[in-house]
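# Per-entry structural report
Chain by chain, the residues run as shown.
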Amino acid sequence: MSSDPPRATRRLFDPPATLARLSSGPRAERLVHVHQVPARSEQVAPWPEWVAPAVYSAFSTSGVTTLWTHQREAADCAHDGTHVVISTGTASGKSLGYLLPVLSDVVDGAAAPSGRGATALYLSPTKALAADQLARLSALAIPGLRAATYDGDTPTDERRWIREHAQYVLTNPDLVHHSLLPGHPRWAPFLRSLRYVVIDECHVYRGVFGSHLAALLRRLRRVAARYGAFPTFILASATVADPQAQACALIGMPVRPVTHDGSPREAMTFGLWEPALVHRDAGLGGDAGSGGGGGQRLDAPHRRSAVTEAADLLADLVVDGVQTVAFGRSRAGVEAIAASARRSLLEVDPALGTSVAAYRGGYLPEERRELESGLRSGALRGLAATNALELGIDVSGLDAVLMAGWPGTCASLWQQAGRAGRNGSASLALLIAGDDPLDTYLVHHPEALFERPVEAAVLDPQNPYVLGPHLAAAAAELPLTAADALVFGPTMVGLLEVLVARGLLRRRPGGWFWTRPERATDHVSLRGTGETVRIVERSTGRVLGTVDGPAAHSSVHTGAVYVHQGQPYVVAHYDEDDSHAIVVAGDPGWSTRARSVSAFDIGHVEQSQVWGPVELCFGSVEVRSQVTSFLRVLPGGKVLGEHALDLPERSLHTKAVWWTMTPQMLEAAGIPEPSIPGAAHAAEHATIGMLPLVATSDRWDIGGVSTALHPDTGRPTILVYDGHPGGAGFAERGFRAATIWLTATRDAILACECATGCPSCVHSPKCGNGNEPLDKSGAVALLTAVLAGSTQGTRGQPGRRDSAQTPDVE
Ligand SMILES: [Zn+2]
Ligand SMILES: [Zn+2]
């Protein structure tokens, strides 16, 4: 930034008054709710006696002289050898809870003849976070502490030094998987002394990624035990519904939860904002016919986008002299917020045009530093940013935060909101609802955000598609014996037999052995279940990225317009056999929408509940789907044409939650037989959209199918399934929290003021049937009738902060 625009005289920031100004006049109805997050005073605890003097002195020199109660509680547990999970708010100093016991033991152990009486392993989901942790440790300058990061970029000679001398190694799960465990003999001295394993930001290990981490930690426990080490696990989590259950599932052992937050916080005014419902502009959309093929619902209203709304609010706040960051969900959205806010500001005052910037990750360090210093000096008054900001740039102490759309999880919401607030002054946060049923629900049910969380981070440690390959890797590390079922669970032996039959393992008297020349771990990616399709740019041969195999047919079929990091590409050729798609950069002026048919077969019912005439089940299913054609759609919604595709049927073996109804109960609820397909389809869309309320999942992780008559059940049936082979835990959480989930779904549809359905309630962006047929009021009647027989005890109140939302992957 070359010139500093004149800075408005800073008036004292008064969040409620600012919010009142923003929501005056034509925006009077947009502010749906205001919640005052009260200031909280701290609860302190004395330092434990057992802290090593060098550690105490380092912290007190750096200004940490008192502990908060949760830090003390967690530190005592870990010091006593009890596995513990700390789940408290953003910026509550969770790291001190694990650093006190870890550093004390490590420093005390430095007196051992080896210099390493105790070692510790720290795992973070990203390299950036590990580097940040190391920088903070180094600043403490604790005598005798040898800490180092160890990742893919660490040079070879440095790696050797770290293995042989470091006591505290900061790394990531991928490195443990690909390097530490396969090469464990080289780590023997480190592993022999392994006293602690710290798992930071553990709430991110959910779904399939969570299942991978669970298997990886079991491998680590087994290898460590071989060297006589039984480390204490310390997990740090954002605030979620049941951190203990997730932590236990991850490490496979009992864990003590520490959830009472003793840290102080400043007051915050938190507004919930819903953009206005508008009707599509007929002039933009051209003729509304979709050729009877049921493409876009051109008659449907939609909300003004959260991005447009955020840009307007950002401009208004900047004019008011309120330093603000606006978070968007995509890079394209962030660019749009910044550009639109700048345009509005230029009309007000040319000097203000340069006071808003965009930050979307991937910036060079010097560019990031420049943004940081601009914010500090006040030259920058507004910033639009993606989540990348959470880990890449130091932005704190701003006045206000805008969130354009639900950021996906409560953890992200509070992390983003926490960017506002200088020491000793109140702050403002505003969540702007996106066009989605979960967003609609949340802005109308503030208790779901501000009271006890219902959103749980779930995973399935027994997913055979994940556990199987890890067992092969474990056998390569150390031959497996029947006794290892204590670590890997009761399904281990059955899975090993499968691996033997496939020629990957051999059974000998001493156990199961890996017998192949290649590395077992090379077959396993920790981020998915393996099957991916490469997106290759035709002109350069560069691989732009990958999409999951199951999503490939609908997103990168030949002719598809594929948006990668905000850039549109046209798929020139999709190669099913070689799992790649050749793309050409450019925007043809339309988007594409795949159409598909789906069906499912019920495999095995694992759990069920009877709700009067309704049967609710959880179990294994096979979902069969085939992408049959695609539509080309102009921005206004006009369909240019439908084009047939010749793609094979795909089959997915996974876990699902489903419920069957009777035509009689639906008739009694005012849904005659001809209306059942539309009511069931609309209810299915909304339930998928709401699943993330009870299980932290992305809308794309979940799919659904509804049918007026299912051949297996003989009844109208709605099914919601995990979109990954073997399941991911989301559907099971839906089953367990079904009353909360379905009640919230119904309430979300009711809260939407559209007449016959829109993207904020029952439309799905992923619908394979072009959102036809959909019956909004029928969906409300159907869900009400289903819930009438609910016998499920709800731990929370129905319709409170439990529900789940996930969009449609039909
Ligand atoms: Zn609606
Ligand atoms: Zn659909």
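These notes cover the structure that comes with them.

How each quantity is defined
- Counting from 1, residues in each chain are numbered in the order their sequence is written.
- Lettering of chains starts at A and numbering of ligands starts at 1, both following the order in which they are written.
- Given that this is a predicted model, residues contribute local features only at a pLDDT of at least 70 and side-chain atom pairs are listed and counted only at 80 or more, while totals for whole chains, interfaces and linings are drawn from all residues.
- Hydrogens are left out, water is left out, and the side-chain values use all remaining heavy atoms of the structure.
- Only DSSP runs of H or I with at least four residues qualify as helices, and only runs of E with at least two residues qualify as strands; both kinds are numbered from the N terminus onward.
- Put simply, the radius of gyration uses C-alpha atoms, and a globule should come to 2.2 Å times the residue count raised to 0.38.
- Note on contacts: a residue pair is in contact if any heavy atoms of the two residues lie within 4.5 Å.
- The Shrake-Rupley method, run with a 1.4 Å probe, gives the accessible areas here. Residue values count only the displayed protein chains as cover.
- Listed donors are limited to N, O and S atoms within 2.8 Å of the metal, widened to 3.2 Å for Na, K and Ca; water is not among them, so incomplete-looking sites are possible.
- In short, tetrahedral needs four donors with all angles between 85 and 135 degrees, square planar needs four and octahedral six donors with opposite donors over 155 degrees apart and all other angles between 65 and 115, and whatever is left is irregular.
- The rule for pairing is simple: two strands pair if DSSP sees at least two bridges between them.
- Axes, fitted as lines to C-alpha atoms, cover a helix only where it is in contact. Angles between the N-to-C directions of the axes lie from 0 to 180 degrees.
- Orientation categories follow fixed angle ranges, with anything under 35 degrees roughly parallel, anything over 145 roughly antiparallel, 65 to 115 roughly perpendicular, and all other angles oblique.
- Side-chain classes are defined by residue name, with Ala, Val, Leu, Ile, Met, Phe, Trp, Tyr, Cys and Pro counting as nonpolar, Asp, Glu, Lys and Arg as charged, and the others, Gly among them, as polar.
- A pair of sulfur atoms, both from cysteines and within 2.5 Å, is called a disulfide here.
- The span you would expect from a helix comes to 1.5 Å times its residue count less one.
- With a 1.4 Å probe rolled over the protein chains alone, any residue whose accessible area is under 20% of its type maximum counts as buried; one over 50% counts as exposed, and the rest are partly exposed.
- Here the arc refers to the set of directions running from the helix axis out to each C-beta atom.

Moving on: the overall build of the protein. Broken down by element type, the protein carries 27 helices and 31 strands. The C-alpha atoms of the protein give 27 Å as radius of gyration, which agrees with the globular expectation for 810 residues (28 Å, within 12%). By sequence separation, contacts in the protein at least 24 residues apart represent 75% of the contacts at least 6 residues apart. For the protein, the exposed area adds up to about 31300 Å²; of that, 53% sits on carbon and sulfur atoms.

Take the coordination of the zinc ion (ligand 1) next. Around the zinc ion (ligand 1), the protein contributes the donor atoms Cys752 (SG), Cys754 (SG), Cys758 (SG) and Cys761 (SG), at 2.2 to 2.4 Å from the metal centre. Metal-centred angles of 99 to 118 degrees between the four donor atoms at the zinc ion (ligand 1) mark the site as tetrahedral. Between consecutive donor residues of the zinc ion (ligand 1), the sequence gaps follow C-x1-C-x3-C-x2-C.

In spatial order, the strands read β22-β21-β25-β24-β23; together these five strands make up an open sheet with mixed pairing. Looking at which strands have only one partner, the edges of the open sheet turn out to be β22 (543–548) and β23 (561–564). Within the sheet, the average angular offset between the axes of one strand and its neighbour, ignoring direction, is 40 degrees. The sheet contact formed by strand β21 (residues 532–537) and strand β25 (residues 580–585) spans four bridges and is parallel.

Right, let's talk about unusual backbone geometry for a bit. The peptide bond linking Glu772 to Pro773 adopts the cis configuration, its omega dihedral lying at -15 degrees. Of note, Pro773 is situated in the loop between α26 (738–751) and α27 (776–788). One non-glycine residue, Glu201, lies in positive phi territory at about 50 degrees. Assignment of secondary structure puts Glu201 in the loop between β8 (194–199) and α9 (207–226). One non-glycine residue, Asn771, lies in positive phi territory at about 55 degrees.

At their nearest, the axes of helix α17 (residues 437–444) and α26 sit 8 Å apart, and the two run at 85 degrees to each other. Between α17 and α26, the angle falls in the class roughly perpendicular. Seen from α17, the contacting residues are Pro437, Thr440, Tyr441 and His444; seen from α26, they are Ala744, Asp747, Ala748 and Ala751. When the residues that make up the contact of α17 with α26 are grouped by side-chain class, the tally is five nonpolar, two polar and one charged.

A few words now on the state of the cysteines. Counted according to the given criterion, the structure contains zero disulfides. Just so you know, Cys77 is unpaired, no disulfide at all, and the nearest cysteine sulfur is the one on Cys248, 13 Å from it.

Attention shifts here to helix α14 (residues 365–377). In this model, α14 (13 residues) spans 18 Å end to end at C-alpha, consistent with the 18 Å of a helix rising 1.5 Å per residue. Residues of α14 that are buried: Arg368, Leu371, Glu372, Gly374 and Leu375. For α14, the angular spread of the buried residues around the axis is 160 degrees, confining them to a single face. With respect to the buried face of α14, the exposed residues turned more than 90 degrees away are Glu366 and Arg376. Gly378, located one to two residues past α14, shows a positive phi value of around 95 degrees.

What follows deals with the pairing of strand β15 (residues 356–359). Burial along β15 is two-sided: the face carrying Val356 and Ala358 and the face carrying Ala357 and Tyr359 are both buried. Note: β15 against strand β16 (residues 382–385), four bridges, orientation parallel. Across the sheet, Ala358 pairs through a bridge with Ala384, a residue of β16.

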